[in-house]
Amino acid sequence: MDALTRIGFIGLGHMGAPMAANLRRAGFDLVVHDVRREAAVGAPEGSWADSPREVGERAEVVITMLPTPAVVESVLLGPAGLLGGLPPGGVWVDMSTSTPAVAERVRALAGPRGISVLDAPVAGMAAGATAGTLQIYVGGDPDTYRRVLPALRAMGDPERILHVGTHGSGYVVKLMVNLLWFAQLVATAEVLTVGVKAGVALGTLLDSLVASPARSNLLEHDLVPLLADGDYDESFAMALACKDLGLAVDVARATGVPVELSAVVEQVFRRARAAYGDQAGEMSPVRLYEDLARIPLRLAQR
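On a predicted model such as this, the values are computed, not experimentally measured, just so you know. (Residues numbered from 1 in each chain as written. Predicted model: local features only at pLDDT ≥ 70, side-chain atom pairs only at ≥ 80, totals over all residues. Heavy atoms only, no water.)

Trainee: Tell me what's going on with the overall build of the protein chain, and back it up with residues and numbers.
Mentor: Scanning the protein chain from N- to C-terminus turns up 13 helices and 8 strands. In terms of overall dimensions, the protein chain is globule-like: its C-alpha atoms have a radius of gyration of 20 Å, near the 19 Å expected for 302 residues. In terms of overall dimensions, the protein chain has a C-alpha envelope of 65 × 45 × 35 Å along the principal axes. Within the protein chain, the proportion of its 302 residues that are buried is 51%. For the protein chain, the exposed surface amounts to about 13500 Å²; the carbon and sulfur share of it is 57%. (Helix = DSSP H or I, 4+ residues; strand = E, 2+ residues; numbered from the N terminus. Rg over C-alpha atoms; globule rule 2.2 N^0.38 Å. Buried < 20%, exposed > 50% of the residue type's maximum accessible area, 1.4 Å probe, protein only. Areas by Shrake-Rupley, 256 points an atom, 1.4 Å probe, with all protein chains shown as cover.)

This is the structure we're talking about:
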């Protein structure tokens, strides 16, 4: 274990809490903070910090796992913000799904103070966070990446922790991963609903798709809890899914690339959010098609 790393962790939500627990199980000394004091119930005595600034004062590597870019900025900046507490030589690792623009604004303040910054967003859902098998996409200086790699390995699958380029690249890769997954979800919901409505048994249709060139991880794994038990994955809320889609479309707009399909996918998600609420599961677009066709997409017990 790298003796440098007393690690701070800010953001103990559905993803952050199990990620912090895995760091602790790996033997790292943690300092934690969340807007909800009760989120730290069960944490070792003395590990709680009253503000992001205090986290920075007590740890030289600080990880944030936060819901939106606006929250990221609010945690970093201001009198009680993290940047006011991190010493020269400290590292901020943002594992939130955010944007390159936020990273640039923070780096402009952190760089002159000798603070290194990495963006390292994750994929793998809450189950991956709990199991310590997250995929992690890291953007930033390679030497800083190597310095924090032992901590990343405590939270992610070592084979799928990727250094993807310069600052901001991690955010972009994560947004593109989410964008493609969300598009696959909408397309798959359409295909399954049409096929079943046309008279094909859901299990037969699913097996045929998995055996075809359209095979995907979504079909083989991610959709199974929904099709078997009606689990729309409430561990990741529609409000966050719509946020991520909006950020991805914003990146496309900034690059000047027209993304008509992505815009339609975003609207399908926003329609599902309006129908089922902010806290509905991220697979709620499937429910839209079920309701429109008046058929539940459920596998018969095999």
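From this point, the narrative continues.
Trainee: Describe the nonpolar core, naming the residues involved and giving the relevant values.
Mentor: Among the nonpolar cores identified, the biggest contains 40 residues, and F182, L185, L192, L223, L227 and F269 are the most heavily contacted of them. Only α7 (169-197), α8 (202-210), α9 (217-222), α10 (224-229), α11 (238-255), α12 (260-276) and α13 (284-293) provide two or more residues apiece to this core. Sorting elements by how many residues they give to this core places α7 first, with 9 residues. Each residue touching F182, except ones within four places of it in the same chain, is listed here: F236, A241, D244, L245, V265, F269 and E282. Grouped together as the second largest cluster of nonpolar side chains are 35 residues, F9, A20, L134 and V138 included. (Core = buried A, V, L, I, M, F, W, Y, C linked by side-chain atoms within 4.5 Å. Contact = heavy atoms within 4.5 Å.)

Trainee: Residue-level account of the packing of aromatic side chains, with values.
Mentor: We describe a pair of aromatic rings using the distance from one ring centre to the other and the angle between the two ring planes. Using the criterion set out here, one finds 2 aromatic pairs in the structure. Ring centres of W181 and F182 lie 5.7 Å apart, and the angle between their planes is 75 degrees; this geometry places the pair in the edge-to-face category. Exposure remark for W181: the relative accessible area of 14% places this residue in the buried category. For F182, a relative accessible area of 1% puts it in the buried group. By way of ring pairs, the aromatic residues W181, F182 and F269 are connected into one cluster. (Phe/Tyr/Trp six-rings, centres within 6.5 Å; stacked < 30°, edge-to-face > 60°.)

Trainee: Please provide a residue-by-residue account of the pattern of salt bridges, values included.
Mentor: Overall, the coordinates contain 15 salt bridges when judged by the stated rule. R6 is the partner of D29 in a salt bridge, and the nearest nitrogen-oxygen pair spans 2.7 Å. Residue D29 is located in strand β2 (residues 29-33), and its partner R6 is located in strand β1 (residues 6-10); the two are separated by 23 residues in the primary sequence. A salt bridge links K243 to D244; its shortest N-O distance comes to 2.7 Å. Like K243, the residue D244 is buried in the burial classification. (Salt bridge = Lys/Arg side-chain N within 4 Å of Asp/Glu carboxyl O.)

Trainee: I'd like a rundown of the packing of α12 against α13, residues and numbers included.
Mentor: It is at 8 Å that the axes of α12 and α13 come closest, and there the two elements cross at 75 degrees. By the angle between their directions, the pair α12 and α13 is classed as roughly perpendicular. Residue-level contacts link V268, F269, R271, A272, A275 and Y276 of α12 to S284, P285, R287, L288, Y289, D291 and L292 of α13. A breakdown of the residues in the contact of α12 with α13 according to their chemical character gives 9 nonpolar, 1 polar and 3 charged. (Axes fitted to C-alpha atoms, helices over the stretch in contact; angles between N-to-C directions. Parallel < 35°, antiparallel > 145°, perpendicular 65-115°, else oblique. Nonpolar A, V, L, I, M, F, W, Y, C, P; charged D, E, K, R; others polar.)

Trainee: I'd like to hear about the pairing of strand β7 (residues 134-139), residue by residue, with values.
Mentor: With 6 of its 6 residues buried, β7 lies for the most part within the structure. Residues L134, I136 and V138 line one face of β7 and the alternating positions Q135, Y137 and G139 line the opposite face, and both faces are buried. Direction of pairing for strand β6 (residues 122-123) relative to β7: antiparallel, over a ladder of 2 bridges. Bridge assignment links A123 to a residue of β7, and that residue is Q135. Two strands pair when backbone bridges link them, and β7 and strand β8 (residues 156-165) are joined in this way by 5 bridges, in the parallel orientation. Paired with L134 across the strands is G156, a residue of β8. (Pairing = 2+ DSSP bridges.)

Trainee: Pulling in residues and values, what's your account of the pairing of strand β5 (residues 116-119)?
Mentor: Residues in a regular strand project their side chains so that they alternate between the two faces of the sheet. Bridge count for strand β4 (residues 91-94) against β5 is 4 bridges, and the pairing is parallel. Bridging from a neighbouring strand, V93 pairs with L118 of β5. The parallel pair β4 and β5 is bridged by helix α4 (residues 100-110), and the resulting crossover is right-handed. (Right-handed = clockwise from strand over helix to strand, strands pointing away.)

Trainee: Requested: an account of the side chain of S169, with residues and values cited.
Mentor: Along the chain, S169 turns up in helix α7. A polar contact of 2.9 Å, which involves the side chain of S169, links it to the backbone oxygen of T166. Not counting residues within four places of it along the chain, the set of residues in contact with S169 comprises D119 and V164. (Polar contact = N/O pair within 3.5 Å; in protein donor to acceptor, adjacent residues only side chain to side chain.)

Trainee: Give a detailed account of α11, specifying residues and quantitative values.
Mentor: Between its first and last C-alpha, α11 extends 26 Å over 18 residues, near the 26 Å set by a 1.5 Å rise per residue. Among the residues making up α11, those that are buried are M238, A241, C242, K243, D244, L245, G246, L247, A248, V249, V251 and A252. Next to the buried residues of α11 lie α3 (69-76), α7, α12 and α13. Positive backbone phi, at 80 degrees, marks G256, one or two positions downstream of α11. (Expected span 1.5 Å × (residues − 1).)

Trainee: Tell me about α13, and name the residues and values.
Mentor: For α13, a buried count of 7 out of 10 residues is recorded, marking the element as mostly surrounded by other parts of the structure. All buried positions along α13 are accounted for by S284, P285, V286, L288, Y289, E290 and A293. Buried residues along α13 sit against α7, α10, α11 and α12. Positioned one or two residues after α13, R294 has a phi angle of 60 degrees, which is positive.

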